[in-house]
Amino acid sequence: SDELKSYAGANRWQMISASEAKLSTATGTAIGQIIGFEVLTGTGTDTLTGAEGTNRWVVTSAGRGTLNAQTAFDGFANLAGNSGADTFAFGLAGTVAQVTGGEGTDSLAARTSENQWNFSANDRGTINSLGADNYVSFSGVEQFTGATLANDRITLAPQVTQVQLKAGGQEGDEPAPGHQWKKCR
């Protein structure tokens, strides 16, 4: 398989199709357009943005995973959706610094282990495994799926008015003391 590695520093990768991308510096200076690859390797601080339309991200370990089951990526701190309904799913070891949804109704599926959700707004916050550091910060995401094999804890800041939890939660899921929530199906 063909692998494309990034320049040193924080770079931006914009997917155009499954095997075509534009690469620019963090300040937006164009580096070039790349065609015909299966693996993208970032510097560990890079941002990878999905192509126009719907994208499915599966994060399997630190900064690593697949995009639309066709393009493998490694070394990306930030993942961004685009104009469609993007999905970001995390495996047991999956972690990135930031997930940013795009214009569509975007969703985030947490690890199957116990999670602590901390919502600072209706569409933003952090998730961590109970007793551990954050494994993702998120913004611009509208639908959330909790652990399928364990209970989650959910903390809502006072300004949070609505959180849409999709299938996957457990009966033992509970908000932090002083908060209320209900599951939406």
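Residues numbered from 1 in each chain as written. Predicted model: local features only at pLDDT ≥ 70, side-chain atom pairs only at ≥ 80, totals over all residues. Heavy atoms only, no water.

1. A few points about the overall build of the protein
- For the protein, the helix and strand inventory stands at zero helices and 18 strands.
- Every one of the 185 residues in the protein was classed for burial, and the buried ones make up 45%.
- For the protein, the proportion of contacts with a sequence separation of at least 24, taken over those separated by at least 6, is 47%.
- Element-wise, carbon and sulfur atoms account for 50% of the exposed surface of the protein, whose accessible area totals about 8800 Å². (Helix = DSSP H or I, 4+ residues; strand = E, 2+ residues; numbered from the N terminus. Buried < 20%, exposed > 50% of the residue type's maximum accessible area, 1.4 Å probe, protein only. Contact = heavy atoms within 4.5 Å. Areas by Shrake-Rupley, 256 points an atom, 1.4 Å probe, with all protein chains shown as cover.)

2. Structural notes on the side chain of Asp 46
- When you line up the elements, Asp 46 lands in strand β5 (residues 39–49).
- Within the local environment of Asp 46, its side chain forms a polar contact with the side chain of Thr 43, the two groups lying 2.8 Å apart. (Polar contact = N/O pair within 3.5 Å; in protein donor to acceptor, adjacent residues only side chain to side chain.)

3. A word on the packing of aromatic side chains
- Taken as a whole and assessed by the stated rule, the structure comprises 10 aromatic pairs.
- One aromatic cluster is present, built from ring pairs that chain together Trp 57, Phe 73, Phe 76 and Phe 88.
- The residue whose ring lies beneath Arg 111 is Tyr 135, and the NZ or CZ to ring-centre distance is 3.7 Å. (Phe/Tyr/Trp six-rings, centres within 6.5 Å; stacked < 30°, edge-to-face > 60°. Lys NZ or Arg CZ within 6 Å of the ring centre and 35° of its normal.)

4. Re unusual backbone geometry
- A positive phi angle is found at Asn 68, which is not glycine, with a value near 55 degrees.
- The topology assignment puts Asn 68 in the loop between β7 (64–67) and β8 (71–80).
- Backbone geometry at Ala 69 places phi at a positive 55 degrees, although glycine is not the residue there.
- Its place among the elements puts Ala 69 in the loop between β7 and β8.
- Using a relative accessible area of 73% as the deciding quantity, one classes Ala 69 as exposed.

5. Focus: the environment of Ser 107
- Along the chain, the position of Ser 107 falls in strand β11 (residues 107–109).
- Note on Ser 107: relative accessible area 9%, which makes it buried.
- Sequence separation of Ser 107 and Thr 145 is 38 residues, and the distance between their C-alpha atoms is 7.7 Å.
- Separated by 3.3 Å, the side chains of Ser 107 and Thr 87 make a polar contact.

6. Observations regarding the pairing of strand β6 (residues 56–61)
- Note that β6 and strand β9 (residues 87–90) share four bridges and pair parallel. Paired with Arg 56 across the strands is Thr 87, a residue of β9.
- Bridge analysis of β6 against β7 gives four bridges, and the strand direction is antiparallel. Counted as the bridge partner of Val 59 is Gly 65 from β7. (Pairing = 2+ DSSP bridges.)

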